[in-house]
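Read off the chains here:
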Amino acid sequence: MPRGHEKQRRMELRRQAGLRQWGANGVARSVGGISRIAYACFDCRVSQKRERSASNVEVCPRCGGKLYKMGWSLTAPKKEDAKQWQKIQLLFASGFRFFGSGLPEGEVPLPKTLSEARKFVEEQKSHYLRVEKQIPELLP
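Heads up: these notes are all about the structure in this document. Treat the numbers as computed from the prediction; the structure is a model and nothing was measured.

Observations regarding the packing of aromatic side chains
- According to the stated counting rule, one finds 5 aromatic pairs in the structure shown.
- Relative to Phe92, the ring of Tyr68 lies with its centre 5.4 Å away and its plane at 50°, an arrangement referred to as tilted. Here Tyr68 is found in strand β4 (residues 66-71), whereas its partner Phe92 is found in helix α2 (residues 82-93), with 24 residues between them in sequence.
- Its relative accessible area of 12% is what places Tyr68 among the buried residues.
- Its end group placed over the ring of Phe92, Arg97 keeps NZ or CZ at 3.8 Å from the ring centre.

Here is the structure:
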């Protein structure tokens, strides 16, 4: 296993070769002590962590579309998993945000499938993760 300066030297070589990408604007994705929030683009199905900002919508660096602030605990599905992306988009458009590291007592966990999500959105009007207004134009 490489140690100290050898690992740093190899990482720098990878960055120079374009094999190790940094975050937006050349800033590292994870820096100790800096809080990062997950943003997602529903058009190109990508997610990235960014520093906290006052804006709930950013510009997607890949497609130029909208990058929405999802919350810090979003685990994005694979790009190819269209149904899971639709589920996340449905939950987001219905006012759910992804934060928290545990399920409070008495709360229902988030659904695992798109069909479960449709029922979940109708039934869970006061769920603790439903913190925003509905965005009808984003409903899948």
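Digging into the nonpolar core
- Ranked by internal contacts, the top residues of the largest apolar core, which has 20 residues, are Phe42, Met70 and Leu74.
- Among the elements of the structure, β1 (36-41), β4, α2 and α3 (114-123) are those that each provide at least two residues to this core.
- Among the elements that take part in this core, α2 stands out by supplying 6 residues, more than any other.
- Counting residues in hydrophobic clusters, the runner-up holds 7 residues, among them Tyr39, Val46, Cys60 and Leu67.

A short note on the packing of α2 against α3
- Where α2 contacts α3, the axes come no closer than 9 Å and their chain directions differ by 10°. Regarding the angle of α2 to α3, the classification is roughly parallel. Of the residues in α3, those in contact with Lys83, Gln86, Lys87, Leu90 and Leu91 of α2 are Leu114, Ala117, Arg118, Phe120 and Val121.
- Its residues placed into classes, the contact of α2 with α3 shows 6 nonpolar, 1 polar and 3 charged.

Quick look at the sheet that holds strand β3 (residues 57-59)
- Strand order across the open sheet formed by 4 strands is β2-β1-β4-β3, with antiparallel pairing between neighbours. Edge positions in the sheet fall to β2 (46-51) and β3, since each of these pairs with one other strand and no more. Each neighbouring strand pair of the sheet contributes to a mean axis angle of 40°, computed without reference to strand direction.
- As paired strands, β3 and β4 are joined by 3 bridges and run antiparallel to one another. Paired with Val57 across the strands is Tyr68, a residue of β4.
- The sheet strands contacting α2 are β1, β2 and β4, and the helix crosses β4 at an angle near 75°.

Concerning a nonpolar patch on the surface
- Residues Trp72, Phe99 and Val131 make up a contiguous nonpolar surface patch of about 260 Å² in total accessible area.
- You can see Trp72 is positioned in the loop between β4 and α2.
- Residue classification places Trp72 among the partly exposed positions, given a relative accessible area of 39%.

Digging into α2
- Compared with the 16 Å implied by 1.5 Å per residue over 12 residues, the 16 Å span of α2 between its first and last C-alpha is a close match.
- Considered for burial, the residues of α2 that qualify are Gln84, Trp85, Lys87, Ile88, Gln89, Leu90, Leu91, Phe92 and Ala93.
- Against β1, β2, β4 and α3 lie the buried residues of α2.
- Note on α2: the residue one or two positions beyond its end, Gly95, has a positive phi of about 105°.

About the criteria used
- Residues numbered from 1 in each chain as written.
- Predicted model: local features only at pLDDT ≥ 70, side-chain atom pairs only at ≥ 80, totals over all residues.
- Heavy atoms only, no water.
- Phe/Tyr/Trp six-rings, centres within 6.5 Å; stacked < 30°, edge-to-face > 60°.
- Helix = DSSP H or I, 4+ residues; strand = E, 2+ residues; numbered from the N terminus.
- Buried < 20%, exposed > 50% of the residue type's maximum accessible area, 1.4 Å probe, protein only.
- Lys NZ or Arg CZ within 6 Å of the ring centre and 35° of its normal.
- Core = buried A, V, L, I, M, F, W, Y, C linked by side-chain atoms within 4.5 Å.
- Axes fitted to C-alpha atoms, helices over the stretch in contact; angles between N-to-C directions.
- Parallel < 35°, antiparallel > 145°, perpendicular 65-115°, else oblique.
- Contact = heavy atoms within 4.5 Å.
- Nonpolar A, V, L, I, M, F, W, Y, C, P; charged D, E, K, R; others polar.
- Pairing = 2+ DSSP bridges.
- Patch = residues over 30% accessible without salt bridge, like charges linked within 9 Å, V, L, I, M, F, W, Y side chains within 5 Å.
- Areas by Shrake-Rupley, 256 points an atom, 1.4 Å probe, with all protein chains shown as cover.
- Salt bridge = Lys/Arg side-chain N within 4 Å of Asp/Glu carboxyl O.
- Expected span 1.5 Å × (residues − 1).

That's the geometry; what it means functionally is another story.
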